[in-house]
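The primary structure of each chain is shown beneath.
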Amino acid sequence: MIIAIDMGNTNAVIGCMEGEKMVFTSHISTDRSKTVDEYALLFKGILEMHGIDPNALEGGIISSVVPMLRPVLRDAVERLTGKRPLLVGAGVKTGLNIKIDNPAQLGGDLVVAAVGACAKYPRPIVLFDMGTATTVSVIDRSGSYLGGMIIPGLRVAVDALSARASQLPLNISLEAPESLIGANTIDCMRSGAIYGNAAMLDGIIDRVEEELCAPVTAVATGNLISMVLPYCERKIYPEPNLLLHGLRLLYEKNTRKSRHTAGGEGGDDR
């Protein structure tokens, strides 16, 4: 069993996996001020809540888009389990052929999600991750990561609109209104946010298919997908735990290669 942690800008997801089986998942807020000890205690409490002995874990893997938290999380997991976890970053073998201008700039979360999607769905793939930002990743038929888009996230966009328009209310909830055409200010904002994002996803899929001259498989992850996907007209496969599964695959790929190398066997260096 391993522990996998994906730390985003706003929230983090933690999970334990035994092979392909997801033992549990838990969500916490990202806190840049927490120390190694504080994160170790937090992870210890989550594991104990799910009846898991930290000493029983064979290892761990971490992806974080918050650079300052990478060593903090690594040291916290090592302090808790006695084993140094793998950090997604330079030197980690992914199997992806990354074709963007500077592959080193590609966020670890995008790499992990692409690995997870490619293992489960036919290519080419357009992959949405709806969190603080909505990111779009495009993987072609050969498995090459071509690039994508970065779009203001649904919540970020609504909050920015409220902050910049003096007559619009702050902190509205984001459930879809009963009708597409809103009859009051709040319902108009909700309709614009939910149906606008749904139409955006549909439109991006159409345009990526035009660009690639081929039909694509559309996959979505992130904590906001449940709000938007029911209103999309295109078929989009929801994968709320995609990053954890991608982390598991990367852990297995890298630890398996290490074991093979120790035994005198070669491996895939991509």
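One structure accompanies this document, and this report is about it. Not measured: the values here are computed from a predicted model.

Some details on the packing of helix H1 (residues 36-49) against helix H2 (residues 70-81)
Describing two packed helices takes the angle between their axes plus the distance from one axis to the other. Direction vectors running N to C along H1 and H2 enclose 55 degrees, while the axes themselves pass 8 Å from each other. It follows from the interaxial angle that H1 and H2 lie oblique. Crossing geometry of H1 relative to H2 is assigned as right-handed. Only Val72, Leu73, Asp75, Ala76, Val77, Arg79 and Leu80 of H2 make contact with H1, whose side of the interface consists of Val36, Asp37, Tyr39, Ala40, Phe43, Lys44 and Leu47.

Focus on helix H4 (residues 154-164)
When H4 is considered as a whole, its buried residues turn out to be Leu154, Val158 and Ser162. Each buried residue of H4 sits inside an arc of 65 degrees when the element is viewed along its axis, so together they form one side. Summarising the geometry of H4, the exposed residues directed more than 90 degrees from the buried face are Ala163 and Arg164. For H4, the secondary structure elements touched by its buried residues are strand E8 (133-139), strand E9 (144-152), helix H5 (185-212) and helix H6 (225-228).

Description of unusual backbone geometry
The residue after Arg123, namely Pro124, is reached through a cis peptide bond having omega 5 degrees. Secondary-structure assignment places Pro124 in the loop between helix H3 (108-120) and strand E7 (125-130). Here Asn171, not a glycine, exhibits a phi torsion of approximately 60 degrees, which is positive. Positive phi, normally seen in glycine, also occurs at Cys213, with a value near 55 degrees. Considering the arrangement of structural elements, one finds Cys213 in the loop between H5 and strand E10 (217-221).

Analysis parameters
- Residues numbered from 1 in each chain as written.
- Predicted model: local features only at pLDDT ≥ 70, side-chain atom pairs only at ≥ 80, totals over all residues.
- Heavy atoms only, no water.
- Axes fitted to C-alpha atoms, helices over the stretch in contact; angles between N-to-C directions.
- Helix = DSSP H or I, 4+ residues; strand = E, 2+ residues; numbered from the N terminus.
- Parallel < 35°, antiparallel > 145°, perpendicular 65-115°, else oblique.
- Left-handed = near helix turned anticlockwise from the far one by under 90°.
- Contact = heavy atoms within 4.5 Å.
- Buried < 20%, exposed > 50% of the residue type's maximum accessible area, 1.4 Å probe, protein only.
- Arc of directions from axis to C-beta.

Take it as geometry only, folks, not as evidence of what the structure does.
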